[in-house]
Amino acid sequence: MKSRLVVKLIQAHSSGNEDAFKDAVNILADDEDKKGNSSTAMLLRNAYSSKKRPINFGDSPISEMSFYVQSVSPMPKDKDSTLDLLEILTPKVTFNNVALPEKTFLALQQIVAEQKSFGKLMEKGIFPANRLLLCGPPGCGKTLTANALAGELKIPVAYVKLDGLVSSYLGQTGANIRKIFDFVKNKRIMLFLDEFDAIAKKRDDSNELGELKRVVTTLLQNMDSMPANVFLVAATNHHHLLDPAIWRRFNSSILLELPTAEQRKQIIEKYFIETLPEYTVDLKTLVILSDGMSGAELQSFLQSLAKYCVLNCIGNSISQKEIAEIWLQQNTLFISECSDDFMKALYKLKKNGISLRTLEEITKIPKSTLDYRFKKEVMNDDE
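Computed from a prediction, not measured in an experiment: that's the story for all the values here.

1. A word on the overall build of the chain
Reasoning step 1: The secondary structure content of the chain amounts to 17 helices and 10 strands.
Reasoning step 2: A sequence separation of at least 24 residues applies to 71% of the contacts in the chain between residues at least 6 apart.
Reasoning step 3: Total accessible area computed for the chain in this model is approximately 20,300 Å², and 52% of it derives from carbon and sulfur atoms.

Listed below in structure tokens is the structure:
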């Protein structure tokens, strides 16, 4: 396929057919995207024009405030390890792929609306929001939400690689931060800083060396000089560790918590529609038993359940028994079946509507034994 595209490129160039040339470049870039070579695809698209091209932000172009896409520029690297400091990704998701609380969804929609009306706002001297801090426990969807936001804005993501960014050499981490911001400053792009607390901790922490304080200062300076065409998203599991000055640099912050029952229902329904549409499932039991799971844990649970169903050919109906069995496997991987913790897991299943008969089938433990142990758990609950 690539050889045919190269021929098309040459023919289009020779004939002076600009539209055909552009189409061939886009097809070639799309082909690289499908192969997972997102950075190559972006380089091809950016290299299309030999001149800098102004970007139209939303509904109106602005000549005096236009920003430009650079042509091909080398990826910034750590000086000593030579590791790439970031990776360019093309988002494949939008808000349709994320189950969000209404309040969070409305806040993100407001950001998208401002970005799409960039020109109109800038003409009035109003800067649209372009700095967002995402907080919350691991697996709650911070990275997915960032990618969905980039998908809505139709911009690539510059994903910062922490292993390359943080250096053991004095002064090198600060230098790497400057390289990253210099790389993106002329691009219409989302800069995504995951595990943000690693470079943005409080400077009054007595356990930290002076080097971290210099890193935070460098980060603040670069955030202050960051142009409006770059959209910065930072994510952290430990927002309480962030330096107070960091918070003032963000237009807004969003706390992503464990999914609610309604969110879990949306995730489950969407998963089965896309993965196992021919199956019917006990949705109520799944929603109840997934209480307390993060989005990532719920996805893992659903994948395990789907694999079990497909491999064991149980027909097209997923019953309480299959759900309870997979839930028990997921929650007792490192627990002995003779332990009190294993019995507590069974007791949780019982409290959530799984019958003694079903638990007996799953564990091979007699109902009488289960009933006796559960009465002890009830007594412990009452104490």
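2. Here's the deal with the pattern of salt bridges
Reasoning step 1: In this structure the tally under the stated criterion is eight salt bridges.
Reasoning step 2: One salt bridge connects Asp 371 with Lys 375, and the closest N-O pair in it is separated by 3.5 Å. Linking Asp 371 with Lys 375, this pair stays in helix α17 (residues 367–382), spanning four residues, or about one helical turn.

3. A few points about the side chain of Gln 263
Reasoning step 1: Along the chain, Gln 263 falls in helix α11 (residues 261–275).
Reasoning step 2: Under the relative-accessibility criterion, Gln 263 is labelled buried at 7%.
Reasoning step 3: Not counting chain neighbours up to four residues away, the residues in contact with Gln 263 comprise Ala 99, Leu 100, Pro 101 and Leu 258.

4. A short note on the environment of Gly 151
Reasoning step 1: Along the chain, Gly 151 falls in helix α6 (residues 142–153).
Reasoning step 2: For Gly 151, a relative accessible area of 13% corresponds to the buried category.
Reasoning step 3: As a C-alpha pair, Gly 151 and Phe 95 span 56 residues in sequence and 8.0 Å in three-dimensional space.
Reasoning step 4: Aside from chain neighbours lying at most four places away, what touches Gly 151 is Pro 91, Val 93 and Thr 94.

5. Focus on the pairing of strand β7 (residues 230–236)
Reasoning step 1: Within β7, seven of the seven residues are buried, which leaves the element mostly enclosed by the surrounding structure.
Reasoning step 2: Side-chain alternation along β7 places Val 230, Leu 232, Ala 234 and Thr 236 on one buried face and Phe 231, Val 233 and Ala 235 on a second face that is also buried.
Reasoning step 3: Across five bridges, strand β4 (residues 131–135) lies against β7 in parallel orientation. Each residue of the ladder has a partner; that of Leu 134, found in β7, is Ala 235.
Reasoning step 4: Sheet topology places strand β6 (residues 189–193) next to β7; five bridges connect them, and they run parallel. When the sheet's bridge partners are listed, Ile 189 is paired in β7 with Val 230.

6. Quick notes on the packing of aromatic side chains
Reasoning step 1: All chains considered together, the criterion is met by five aromatic pairs.
Reasoning step 2: Between Tyr 271 and Phe 272, the aromatic rings sit 5.7 Å apart at their centres with planes inclined by 85°, giving edge-to-face as the arrangement. The same class applies to Tyr 271 and to Phe 272, which are both buried.
Reasoning step 3: Aromatic pair Tyr 347 and Phe 374: ring centres 5.7 Å apart, planes at 45°, arrangement tilted. Linking Tyr 347 in helix α15 (residues 340–351) with Phe 374 in helix α17, this pair joins segments that are 27 residues apart in sequence. Per residue, the accessibility class of Tyr 347 equals that of Phe 374, and both read buried.
Reasoning step 4: Over the ring of Phe 183 we find Lys 187; its NZ or CZ atom is 4.1 Å from the centre of that ring.

7. Some thoughts on the side chain of Thr 145
Reasoning step 1: Among the structural elements, Thr 145 can be located in helix α6.
Reasoning step 2: When sequence neighbours within four positions are dropped, the list of residues in contact with Thr 145 reads Val 98, Leu 100, Leu 108, Leu 134 and Leu 256.

8. With respect to the confidence of the model for the chain
Caution applies to low-pLDDT regions: their predicted coordinates should not be interpreted in detail.
Reasoning step 1: Mean pLDDT over the chain stands at 82; residues scoring 70 or higher make up 81%.
Reasoning step 2: The low-confidence segment residues 49–72, where pLDDT is below 50, has 51 contacts with residues more than four positions distant or belonging to other chains.

9. Some points on the sheet that holds strand β3 (residues 86–89)
Reasoning step 1: Overall, mixed pairing links the six strands, which are arranged β3-β5-β6-β7-β4-β8 in an open sheet. Unpaired on one side and paired on the other, β3 and β8 (252–255) mark the two borders of the sheet. Strand-to-strand twist of the sheet, defined as the mean angle between neighbouring strand axes without regard to direction, takes the value 20°.
Reasoning step 2: Sheet contacts for helix α4 (residues 102–116): β4, β7 and β8; angle to β8, the most-contacted strand, approximately 150°.
Reasoning step 3: On top of the sheet, α6 reaches β4, β5 (157–160), β6 and β7; it is set at about 165° to β7, its chief contact.

10. Regarding helix α8 (residues 172–184)
What sets the pattern is the α-helix's 3.6 residues per turn: residues three or four places apart point alike.
Reasoning step 1: Taking 1.5 Å per residue, 13 residues should reach 18 Å; α8 reaches 19 Å between its end C-alpha atoms and fits that length.
Reasoning step 2: Most of α8 is tucked away, with 10 of its 13 residues classed as buried.
Reasoning step 3: Listed in full, the buried residues belonging to α8 are Gln 172, Thr 173, Gly 174, Ala 175, Asn 176, Ile 177, Ile 180, Phe 181, Phe 183 and Val 184.

11. Describing the packing of helix α14 (residues 320–331) against helix α16 (residues 356–363)
Reasoning step 1: Taken N-terminus to C-terminus, the directions of α14 and α16 make an angle of 55°; their axes are 10 Å apart at the nearest point. With respect to α16, the axis of α14 lies oblique. Crossing geometry of α14 relative to α16 is assigned as right-handed. Seen from α14, the contacting residues are Lys 321, Ala 324, Glu 325 and Leu 328; seen from α16, they are Thr 358, Glu 361, Ile 362 and Thr 363.
Reasoning step 2: Looking at the contact of α14 with α16, its residues break down into three nonpolar, two polar and three charged.

12. With respect to α11
Reasoning step 1: A rise of 1.5 Å per residue sets the reference length of α11, with its 15 residues, at 21 Å; its end C-alpha atoms lie 21 Å apart and thus fit the reference within 8%.
Reasoning step 2: All buried positions along α11 are accounted for by Gln 263, Arg 264, Ile 267, Ile 268, Tyr 271 and Phe 272. The buried residues of α11 occupy an angular sector of 160° when the element is viewed end-on, so they sit on one face. With respect to the buried face of α11, the exposed residues turned more than 90 degrees away are Ile 273 and Glu 274.

Rules of the game
Residues numbered from 1 in each chain as written. Predicted model: local features only at pLDDT ≥ 70, side-chain atom pairs only at ≥ 80, totals over all residues. Heavy atoms only, no water. Helix = DSSP H or I, 4+ residues; strand = E, 2+ residues; numbered from the N terminus. Contact = heavy atoms within 4.5 Å. Areas by Shrake-Rupley, 256 points an atom, 1.4 Å probe, with all protein chains shown as cover. Salt bridge = Lys/Arg side-chain N within 4 Å of Asp/Glu carboxyl O. Buried < 20%, exposed > 50% of the residue type's maximum accessible area, 1.4 Å probe, protein only. Pairing = 2+ DSSP bridges. Phe/Tyr/Trp six-rings, centres within 6.5 Å; stacked < 30°, edge-to-face > 60°. Lys NZ or Arg CZ within 6 Å of the ring centre and 35° of its normal. pLDDT = per-residue confidence, 0-100. Axes fitted to C-alpha atoms, helices over the stretch in contact; angles between N-to-C directions. Expected span 1.5 Å × (residues − 1). Parallel < 35°, antiparallel > 145°, perpendicular 65-115°, else oblique. Left-handed = near helix turned anticlockwise from the far one by under 90°. Nonpolar A, V, L, I, M, F, W, Y, C, P; charged D, E, K, R; others polar. Arc of directions from axis to C-beta.

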